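Structural features, examined
Listed below are the residues making up each chain.
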Amino acid sequence: MTAIVDIKDLRVEYRKGALGQGPKVAVDGLNLRVHQGEVFGFLGPNGAGKTTTMNVLLGFVNATSGTACLFGVNVNEPIARQRIGYLPELTYYYKFLTAEELLRFYARVFGIPRAETDKRIDELLKLVELQDARKRPIKSYSKGMQQRVGLAQALINDPDLLILDEPTSGLDPIGRMKVREIIQRLKNKGKTVFFSSHELGEVETVCDRVAILHQGKLVVEGRVDELVAKYQTNLEQVFLKVVGYQPAQV
Amino acid sequence: MNTVLALSQVVIKELYRRKDFYVLFVLTALITLVMGSANFFNDDKIVRYLKELCLLLIWISALFIAVGASARQIPAERENRTIFPLLAKPVTRGQVVAGKFLGCWLACGIALLMFYGFLGAVSISREHEWLVLNYFQALWLQWIFLAIVIALVLWGSIVFTAPSSNATICVVLVIGIWGLGRYLNHVALQEREPLRSVIYTIYFLIPHLEWFDVRDKVMIHGRGLVPWVDCFLATLYGAAYTLLFLFATWLGFRRKALNT
C-alpha cells in the first residue's frame, strides 16, 4: 500500500527558557506510516507529542532529526501541502470575512479555477449546513458554526489527506455526529484521514488503525479491532493501560 | 503571484471592514472645511497656505494609515492563529510577507488617490486649474515613500513583540529620518572622530525619505516638475530599500517558531 504519511526516526526538541536546562524532547524516534484510504487515529495524553508531530507534518515546526513526508514529498516543501486539508483544534479564521469569502480566498491559494470554486463552495456549505449563513461575517457565528466553516475550508481543495486536530472539540452531540459522518464519507471516497482526538469511543467507531503516543514515544500501533481483541477490552481501557494510568485510591 | 494577490485582497478587505479607511472621510471633510474657508479671504497667499496645510494633513494621515495597518498584520495572524490554516496550505512565509506588504501598499495607494483626487477637485474650484503631472509626481513619490515605511514596519513587527511598540518606534524613526536625516552630514562635520564617522555611516545607511517629499517644489511654491529621471531614480532607490526591509522581514519570519 502507498504510504501517504511517512515518518522516520522523527525527533523534535524544544529549547527550554531557563539557563542550564537541557532541551525538552517533544517527539522521540517516531516511526509511522499511514496508508491510502485509512482513517488513522493519533492518540495520547496531553503533552504526548501529537500536536508537535502534526506541526511537523504541516511544516510549522522543523524536525531536530529524522524525516517526515506527505505523498513522498518532504514536508519542508510547500508543494507537499497541495493535497492536504487541515482543521486546527481551535478554529480561528478571518472574522471580518464571510464563510463564502473565506472559502474563495483559500480556493484561490490552491489555484482552483473560478467555476470550480463556485461549485465547491456551494457543495461544502451545503455539507456543513451553512448555506443560510454564507453571506454573514464569521465573527457572528457560534462556536459550532466556526468549527463547521473550518471543516469546509479543510475540504476546499478536495484533499487526499485530511489532518484533523481534535475535530469534535467543543461540538454538541449533533455536531460530533456530523463530523463523524463526514469522516466516514471521505473514507468511502478513498481519502486518508489522520486525526487526533481524546474521544476514544469516537476513535474506536471511525478509525481503522491507531497509534498511541506517550511522552514523545510511540507505545502502541495497530488495527483497532486487533488491539481490542488483544487486550480484551475497549479502546479507552487499552489506552489507559498502555500509558500506565493508575486509578487513585479513594 | 496568485497567492500573494489573494493575501493582499484579504488585507484590503480587513482595512475597510475594520473602518480604518473611514479616517479618510474625516480627513476629507476637514480638507473641505479648510479649503472652503479660502472663499472668505479671497487671497492667493492664503489659498497656498491652506493647500500646504492640506498636503501636510495628507502626509500625516497616510503615514498613520500605513503604519497602523502594517504594524498589526503579522502579529494579528499569529495572535488570532489564522496563520496555521494559512501555512497548512501551499503558501510560503515569503508569500505571506509579500501579500501583506502588497495589501497594505495598495490600500495606501487607494487612500492617496482619494486624498489627491479630492484636493485636486477643490483646487480646481478655487484656482480654476489642475496641474495633473504635478499631482501625479507628488502622489507617486509619496506612494514610494509609503512602500519603504510599510516594509520597515513589517520588519519591525517581526522584531518587536507588541504592535503598539513597533508602531510607535517606527513613527518616531520615520518622522526623525524625514525631518532630520538630511542634516546628519552637517552634524557630522561639526563632530570629532570617531563620532563623525558614526554619524556619516548613519547618514549613508538610512533611507532618505525627504527625497520623496516634493510638496513644496511641485505643489505649493514652485510649479515646476521634478525631472523625470530624478523621479525614476528615486523610485529605484525606494524600491531597493523596500526590498531590503522585506528581505529582512522574510529572514526573521522564516525562523520564527509558530507554536500552537
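Residues numbered from 1 in each chain as written. Chains lettered and ligands numbered in written order. Predicted model: local features only at pLDDT ≥ 70, side-chain atom pairs only at ≥ 80, totals over all residues. Heavy atoms only, no water.

**Considering the overall build of chain B**
- Scanning chain B from terminus to terminus reveals 12 helices and 0 strands.
- Going from the N terminus to the C terminus, chain B shows its helices and strands as α-α-α-α-α-α-α-α-α-α-α-α.
- Buried positions account for 50% of the 260 residues belonging to chain B.
- In chain B, once contacts between residues fewer than 6 apart in sequence are set aside, the share between residues at least 24 apart is 80%.
- Surface summary for chain B: the accessible area is close to 12,300 Å², and the carbon and sulfur share equals 68%. (Helix = DSSP H or I, 4+ residues; strand = E, 2+ residues; numbered from the N terminus. Buried < 20%, exposed > 50% of the residue type's maximum accessible area, 1.4 Å probe, protein only. Contact = heavy atoms within 4.5 Å. Areas by Shrake-Rupley, 256 points an atom, 1.4 Å probe, with all protein chains shown as cover.)

**Comments concerning the packing of aromatic side chains**
- Following the criterion strictly, the structure yields 24 aromatic pairs over all chains and no others.
- Between A:Phe60 and A:Tyr86 the ring centres are 6.0 Å apart and the planes differ by 70°, which places this aromatic pair in the edge-to-face class. You can see A:Phe60 sitting in the loop between α1 (50–57) and β4 (65–70) and its partner A:Tyr86 sitting in strand β6 (residues 84–87), a full 26 residues away along the chain.
- Classification of A:Phe60 as buried rests on a relative accessible area of 4%.
- Owing to a relative accessible area of 3%, A:Tyr86 belongs among the buried residues under this scheme.
- It is B:Lys89 that lies over the ring of A:Tyr106; its NZ or CZ is 4.3 Å from the centre.
- Its guanidinium or amino end placed over the ring of B:Phe253, B:Arg93 lies 5.7 Å from that ring's centre, counting from NZ or CZ. (Phe/Tyr/Trp six-rings, centres within 6.5 Å; stacked < 30°, edge-to-face > 60°. Lys NZ or Arg CZ within 6 Å of the ring centre and 35° of its normal.)

**Some remarks on a nonpolar patch on the surface**
- A contiguous nonpolar patch, built from B:Trp155, B:Val159, B:Phe160 and B:Ile169 and spanning about 330 Å² of accessible area, is present on the exposed surface.
- Along the chain, the position of B:Phe160 falls in the loop between α7 (132–159) and α8 (163–180). (Patch = residues over 30% accessible without salt bridge, like charges linked within 9 Å, V, L, I, M, F, W, Y side chains within 5 Å. Salt bridge = Lys/Arg side-chain N within 4 Å of Asp/Glu carboxyl O.)

**Overview of the packing of helix α2 (residues 99–109) of chain A against helix α4 (residues 143–154) of chain A**
Residues and elements named next belong to chain A.
- Running from N to C, α2 and α4 cross one another at 25°; their axes reach a closest spacing of 10 Å. Relative to α4, the element α2 is oriented roughly parallel. Where α2 crosses over α4, the handedness of that crossing is right-handed. Residue-level contacts link Ala99, Leu102, Leu103 and Tyr106 of α2 to Val149, Ala152 and Gln153 of α4.
- Along the lines of polarity and charge, the residues of the contact of α2 with α4 split into 6 nonpolar, 1 polar and no charged. (Axes fitted to C-alpha atoms, helices over the stretch in contact; angles between N-to-C directions. Parallel < 35°, antiparallel > 145°, perpendicular 65-115°, else oblique. Left-handed = near helix turned anticlockwise from the far one by under 90°. Nonpolar A, V, L, I, M, F, W, Y, C, P; charged D, E, K, R; others polar.)

**Details of the side chain of A:Asp165**
Residues and elements named next belong to chain A.
- Among the secondary structure elements, Asp165 is positioned in strand β7 (residues 161–165).
- Although buried, Asp165 forms no salt bridge, and the nearest oppositely charged side chain, Lys50, lies 6.9 Å from it.
- Setting aside residues up to four positions removed in sequence, Asp165 forms contacts with Thr51, Met54, Tyr86, Leu87, Pro88, Glu89 and Ser196. (Lys, Arg positive; Asp, Glu negative; His and termini not counted.)

**Observations concerning the interface of chain B and chain A**
- Of the residues lining the interface, 27 residues belong to chain B; the matching set on chain A comes to 27 residues.
- A combined buried area of about 2,500 Å² lies between chain B and chain A, and 62% of that area is made up of carbon and sulfur atoms.
- Close ionic contact of B:Lys13 with A:Glu101 constitutes a salt bridge, the shortest N to O distance being 3.9 Å.
- Joining chain B to chain A, the criterion identifies 8 residue pairs in polar contact (both at pLDDT 80 or more). (Buried area = accessible area lost by both parts, 1.4 Å probe. Polar contact = N/O pair within 3.5 Å; in protein donor to acceptor, adjacent residues only side chain to side chain.)

**Some remarks on the side chain of B:Asp213**
- Tracing the backbone through its elements, the reader meets B:Asp213 in the loop between α10 (195–205) and α11 (215–220).
- Not counting chain neighbours up to four residues away, the residues in contact with B:Asp213 comprise B:Trp59 and B:Trp178.

**Examining the sheet that holds strand β3 (residues 39–43) of chain A**
Residues and elements named next belong to chain A.
- Here 6 strands make up an open sheet; going across it, the order is β6-β7-β8-β3-β9-β10 and the pairing mixed. In the strand order of this sheet, the two ends are held by β6 and β10 (217–223), each with one partner. In this sheet, neighbouring strand axes are inclined to one another by 15° on average, regardless of whether the strands run parallel or antiparallel.
- For β3 and strand β8 (residues 192–196), the ladder comprises 4 bridges, and the chain directions are parallel. Paired with Gly41 across the bridge in β8 is Phe195. (Pairing = 2+ DSSP bridges.)

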